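# Observations on the three-dimensional arrangement
One letter stands for each residue in the lines below.
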Amino acid sequence: MAVPSNPNNYLCTRRLGLRLLEVSDAGAMSRLLENDSEALRMSASMADPMTVEAAREWISRRTAPDQRVFGILLMRSGEFIGSIGFGGPMEMPHVGYWIGRPHWNHGYATEAVLGLIEYARWLGIPALQADTFPDNPASSRVLIKAGFEYKGQVSLHLPLRGGDSELNHYEIKLGKTR
């Protein structure tokens, strides 16, 4: 991935454009997720159903100063297909991502995670972490393909998922490129 002249706003991978998430993405997000309870169940923080209003609220929480969250766009068409980003302490921010079901099994999640890793490395972030639900092996495979290491299980309180949940925890150490 080449880091562009203004990498805080837009990143490019081979097939994807990653640009800062915008409230105007709520309609596309809702269309991809509104009738997909199975996919929403794999998210720690998304409402089910994912209405346009719920999408706006989710997006607004991801535009805080300690968050770097991008919409994932197909380069060939500009179509919005998901989001990826990180937030929290810059010593080891938490990574999260999702891809709409029509775009599964094309390698987009792995490509987006690899792009985000390069961006984090460019920023000088020393490490990233991510969690997946144990019944989401596809997301675990994405992280492992991108170089994350499984570190065990963690228990997190997830109100939208009924309280405490056991999650698989992954980490990756990054070297600096600057």
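Look a little higher up for the structure.
Within the chain one finds five helices and eight strands. For the chain, the sequential pattern of α-helices and β-strands runs β-β-α-α-α-β-β-β-α-β-α-β-β. Along the first, second and third principal axes, the C-alpha atoms of the chain reach 40 × 40 × 30 Å. Across the 178 residues that make up the chain, the buried fraction comes to 48%. Summed over its atoms, the accessible surface of the chain is roughly 8,800 Å², and 52% of this surface lies on carbon and sulfur atoms. Looking at the chain, you have 19 positive and 19 negative side-chain charges, and the mean spots of the two groups are 7 Å apart.

The eight strands lie next to each other as β1-β2-β3-β4-β5-β6-β8-β7, forming an open sheet whose pairing is mixed. With partners counted over all chains shown, the strands left at the sheet margins are β1 (10-12) and β7 (149-158), one partner each. Strand-to-strand twist in this sheet, taken as the mean axis angle between neighbours without regard to direction, amounts to 30°. Bridge count between strand β3 (residues 67-74) and strand β4 (residues 80-87): seven bridges; the pairing is antiparallel. Across the sheet, the residue bridging to Arg68 is Phe86, located in β4.

This part covers the packing of helix α1 (residues 26-33) against helix α3 (residues 52-61). α3 packs onto α1 with a crossing angle of 120° between their chain directions and a minimal axis gap of 8 Å. It follows from the interaxial angle that α1 and α3 lie oblique. α3 is crossed by α1, and the crossing has right-handed handedness. Listed contacts from α3 to Ala26, Gly27, Met29 and Ser30 of α1 are Val52, Ala55, Arg56, Trp58 and Ile59. Counted by class, the contact of α1 with α3 contains six nonpolar, two polar and one charged residues.

A few words now on α1. The buried fraction of α1 amounts to seven of the eight residues, a majority that puts the element mostly inside the structure. Those residues of α1 lying buried are Ala26, Gly27, Ala28, Met29, Ser30, Leu32 and Leu33. In this structure, the buried side of α1 is in contact with α2 (37-41), α3, β4 and β5 (94-99).

What follows is about unusual backbone geometry. Note that the residue after Asp48, namely Pro49, is joined by a cis bond; omega there is 10°. Tracing the chain through its elements places Pro49 in the loop between α2 and α3. Positive phi values are uncommon outside glycine, yet Asn105 reaches one of about 65°. On the basis of relative accessible area, Asn105 is assigned to the exposed category, the value being 79%.

Let us now look at the environment of Glu79. In this fold, Glu79 is placed in the loop between β3 and β4. We classify Glu79 as partly exposed; its relative accessible area is 37%. Taking C-alpha positions, Glu79 is 18 Å from Arg56, a pair spaced 23 residues apart along the chain.

In this section: α3. Along α3, the residues classified as buried are Ala54, Ala55, Trp58 and Ile59. Along the axis of α3, the buried residues cluster in a sector spanning 135°; they form a single face. Buried residues along α3 sit against α1, β4 and β5.

Cut-offs and rules
- Residue indices begin from 1 for each chain and proceed along its sequence in written order.
- Residue-level local features of this predicted model are given only where pLDDT is at least 70; pairs of side-chain atoms are given and counted only at 80 or more, and the full residue set underlies all totals for whole chains, interfaces and linings.
- The side-chain numbers reported here are obtained from all heavy atoms of the structure, hydrogens and water having been left aside.
- We count a stretch as a helix when DSSP gives it H or I for four or more residues in a row; a strand needs E for two or more, and each element gets its number in order from the N terminus.
- Using a 1.4 Å probe on the protein chains alone, a residue whose accessible area is under 20% of its type maximum counts as buried, one over 50% counts as exposed, and one in between counts as partly exposed.
- Accessible surface is estimated by sampling points in the Shrake-Rupley manner with a 1.4 Å probe; for residues, cover comes only from the protein chains shown.
- Lys and Arg are tallied as positive, Asp and Glu as negative. Neither His nor the chain termini are counted.
- Throughout, a charge is located at the NZ atom of Lys, the CZ atom of Arg, the CG atom of Asp or the CD atom of Glu.
- For two strands to be treated as a pair, DSSP must find no fewer than two bridges joining them.
- Here an axis means a line fitted to C-alpha atoms, over the contact stretch when the element is a helix, while the angle between two N-to-C directions is reported on a 0 to 180 degree scale.
- In what follows, roughly perpendicular refers to angles from 65 to 115 degrees, roughly parallel to angles under 35, roughly antiparallel to angles over 145, and oblique to any angle outside these ranges.
- For a crossing to be left-handed, the near helix must be turned anticlockwise from the far one by less than a right angle; the clockwise case is right-handed.
- We call two residues in contact whenever any of their non-hydrogen atoms come within 4.5 Å of each other.
- Note on residue categories: nonpolar means Ala, Val, Leu, Ile, Met, Phe, Trp, Tyr, Cys or Pro, charged means Asp, Glu, Lys or Arg, and polar means any other residue, Gly included.
- To be clear, the arc concerns the directions from the helix axis to the C-beta atoms.

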